[in-house]
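Now for the letters of each chain:
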Amino acid sequence: MVDLQSQYYKIKSDVDNAILNVLNTAAFINGPEVKSFQSELETYLDVKHVIPCANGTDALQIALMALNLQEGDEVITADFTFAATVEVIHLLKLKAVLVDVDYDTFTMDSEKLKAAITSKTKAVIPVHLFGQCSNMEEILKIAKEHHLAVIEDNAQAIGSEFTFSDGTVKKSGTMGIMGTTSFFPSKNLGCYGDGGAIFTNDDELAHKLRGIVNHGMYERYYHDEVGVNSRLDSIQATVLRKKLTLLDNYNEARKKAADYYDEAFAGNENILTPKRAENSTHVFHQYTLRILNGKRNELQQFLAEREVPAMIYYPVALRKQKAYFQESNDADFVNTDQLLEQVISLPMHTELEEEQLKYITDAVLEFMK
Ligand SMILES: *Cc1c(COP(=O)(O)O)cnc(C)c1O
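Counting restarts for each chain: residues are numbered from 1 in the order of the written sequence. Restriction of local features to residues with pLDDT of at least 70 applies here, the model being predicted, together with a cutoff of 80 or more for giving and counting side-chain atom pairs; totals for whole chains, interfaces and linings are based on all residues. The side-chain numbers reported here are obtained from all heavy atoms of the structure, hydrogens and water having been left aside.

Before we move on, could you go through the site of the ligand and cite the residues and values that matter?
Around the ligand, the neighbouring residues are Asn 55, Gly 56, Thr 57, Phe 82, Ala 84, Val 127, Asp 153, Ala 155, Gln 156, Ser 182 and Lys 187. In the environment of the ligand, an oxygen atom lies 2.5 Å from a nitrogen or oxygen atom belonging to the side chain of Thr 57. Two N or O atoms form a polar contact when they lie within 3.5 Å of each other; inside protein one atom must be a possible hydrogen donor and the other a possible acceptor, and for residues adjacent in sequence the pair counts only when both atoms belong to side chains. Between the ligand and Asp 153 there is a distance of 2.7 Å, counted from a nitrogen atom to a side-chain nitrogen or oxygen. In isolation the ligand has 380 Å² of accessible area, and contact with the protein removes 90% of it. Grouping the constituent residues of the shell around the ligand by class yields four nonpolar, five polar and two charged. A molecule or strand has a residue near it when one of that residue's heavy atoms lies within 4 Å. Values of accessible area rely on a 1.4 Å probe in the Shrake-Rupley scheme; residue burial ignores everything except the protein chains shown. Put simply, Ala, Val, Leu, Ile, Met, Phe, Trp, Tyr, Cys and Pro go in the nonpolar bin, Asp, Glu, Lys and Arg in the charged bin, and everything else, Gly too, in the polar bin.

Listed below in structure tokens is the structure:
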């Protein structure tokens, strides 16, 4: 699905030297590399504050902690996504309210968001799934009307841009009161271990977040609130500094692979290629097809026999997961339930050669002919 080794070999000498430099200076935690990465990412995103932390799940948890919510307050997120969002909502004893996604973009359906708001709703976490932004114009409008905090889960879409109807363009993760991301190795901006970050333009929140990631300390050994220990280390930061300079190229390479796939599958009546939203660019964290003839699982098997990896992101709705099970009316989740049966993600990374793309698309088309 990914080829991190080939990508590493292309930047090996730079990255090796940078890591050796960290080893030689022995500033492993909170060293200058972390500070530099933080400020370079602030510049890239055009956001006032980046607060690095240990991983993308922590980033979501810390962002929610900064909102001072009360037990039982409701947080709305999507039913069709990775479990991290709903996991942290549960950990903090908040109530997760799951809503359906849009069939074409895989992101939160804003009409369903509107319908799910109650007097207890305090926050909404749209997930920019597979590489493009949720409909932030609508979501921000609804959130403003109902005084909801918006935390964007940007773990899969870093580098994508949303264009508002007035022409304003913003980077994903910088539109809500906070945005979060993950630097897990396979993410579009991935390090060589775990890492994450929270973004905000709000000075007060930034201050609070910097305390929460560091045991609730604003002054050393004075703990003003319950925090966590969540740090990005210097070795990861130095890798990320190098890879940030290449992020736009990496995203371009993903898009080129997606264009190849799109073209190859155009015209096959049982394959729906990913729709590109009009108001968002797409950075293709995943390239996800919808298979309409009911043979998605057989296709995955057929590809496996030809050594083409293909994954089902995601096979189970969050509302039906054992840990997060909730009574629900399936009629409210028609798109999610359809996608669970139809989606299949093909190999997507920065190192796909035309020969590989041809092999993959030929195999898919052989099965789907
Ligand atoms: C990867 C991911 C996360 C979690 O990031 P980790 O760094 O693995 O904790 C959260 N949300 C989404 C949508 C993700 O894809």
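There is more to say after this.
Let's hear about helix H9 (residues 247-265): which residues, and what values?
Numbering of helices and strands runs from the N terminus; a helix is a DSSP stretch of H or I covering at least four residues, while a strand is a stretch of E covering at least two. Expected span, for any helix, means 1.5 Å times one less than how many residues it has. For H9, spanning 19 residues, the distance from its first C-alpha to its last is 27 Å, which sits close to the expected 27 Å at 1.5 Å a residue. Buried residues are those whose accessible area, probed at 1.4 Å on protein chains only, stays under 20% of the maximum for their type, while exposed residues exceed 50% and partly exposed ones sit between those limits. When H9 is considered as a whole, its buried residues turn out to be Leu 247, Tyr 250, Asn 251, Arg 254, Ala 257, Ala 258, Tyr 261, Asp 262 and Phe 265. Projection of H9 onto a plane perpendicular to its axis shows the buried side chains occupying an angular sector of 145°, all on one side. Pointing more than 90 degrees away from the buried face of H9 are the exposed residues Asn 249, Lys 256 and Glu 263. After H9 finishes, the residue Gly 267 shows a positive phi value of roughly 90°. Think of the arc as the fan of directions from the helix axis to the C-beta atoms.

Got a sec to walk through a nonpolar patch on the surface? Specific residues and values, please.
Only residues whose relative accessible area exceeds 30% and that take part in no salt bridge are eligible for patches, with like-charged residues grouped when within 9 Å of each other and nonpolar side chains (Val, Leu, Ile, Met, Phe, Trp, Tyr) grouped when within 5 Å. Here, a salt bridge means any side-chain nitrogen of Lys or Arg that lies within 4 Å of a carboxyl oxygen of Asp or Glu. Nonpolar side chains collect at one region of the surface, where Leu 20, Leu 23, Phe 28 and Ile 29 lie side by side and expose about 350 Å² of accessible area between them. Position of Leu 20 relative to the elements: it lies in helix H1 (residues 4-25). A relative accessible area of 45% places Leu 20 in the partly exposed class.

Tell me about the nonpolar core, residues and numbers included.
In summary, soluble globular proteins display a tendency toward joint burial of nonpolar side chains. In this structure, Phe 80, Tyr 261, Tyr 287, Leu 303 and Leu 346 are the most contacted members of the largest nonpolar core, which totals 36 residues. Broken down by secondary-structure element, the contributors of at least two residues to this core are H9, strand S13 (287-291), helix H10 (296-305), helix H11 (334-342), strand S14 (343-346) and helix H12 (354-368). With five residues, H12 is the single largest residue contributor to this core. Between two residues, a contact is recorded if the distance between any of their heavy atoms is within 4.5 Å. What Tyr 261 contacts, discounting residues up to four positions off in sequence, is Tyr 287, Leu 346, Pro 347, Met 348, Leu 352, Leu 357, Ile 360 and Thr 361. Definition of nonpolar core: a set of buried residues of the types Ala, Val, Leu, Ile, Met, Phe, Trp, Tyr and Cys, connected through side-chain atoms within 4.5 Å.

Now, about the pairing of strand S3 (residues 95-99): what can you tell me, with residues and values included?
Burial of S3 is extensive: four of the five residues sit out of reach of the surface. Paired strands are those between which DSSP finds at least two bridges. In terms of strand pairing, strand S2 (residues 74-78) meets S3 through five bridges, oriented parallel. Paired with Val 75 across the strands is Ala 96, a residue of S3. If you view a crossover with the strands going away from you and the path from the first strand over the helix to the second runs clockwise, you call it right-handed. Considered for its hand, the β-α-β crossover made up of S2, helix H4 (residues 84-91) and S3 is right-handed.

Talk me through the pattern of salt bridges; I want residue IDs and the actual numbers.
A full pass over the atoms with the stated rule returns 23 salt bridges. For the salt bridge of Glu 74 with Lys 95, the shortest nitrogen-to-oxygen distance reads 3.9 Å. A residue pair is termed long-range when its members are at least 10 positions apart, and Glu 74 in strand S2 and Lys 95 in strand S3 qualify at 21 residues. Among the residues examined, Lys 95 registers a relative accessible area of 44% and is labelled partly exposed. Residue Arg 319 is joined to Asp 330 by a salt bridge in which the shortest nitrogen-to-oxygen separation is 2.9 Å. Residue Arg 319 is located in the loop between H10 and H11, and its partner Asp 330 is located in the loop between H10 and H11; the two are separated by eleven residues in the primary sequence.

These figures come from the coordinates and say nothing about function on their own.
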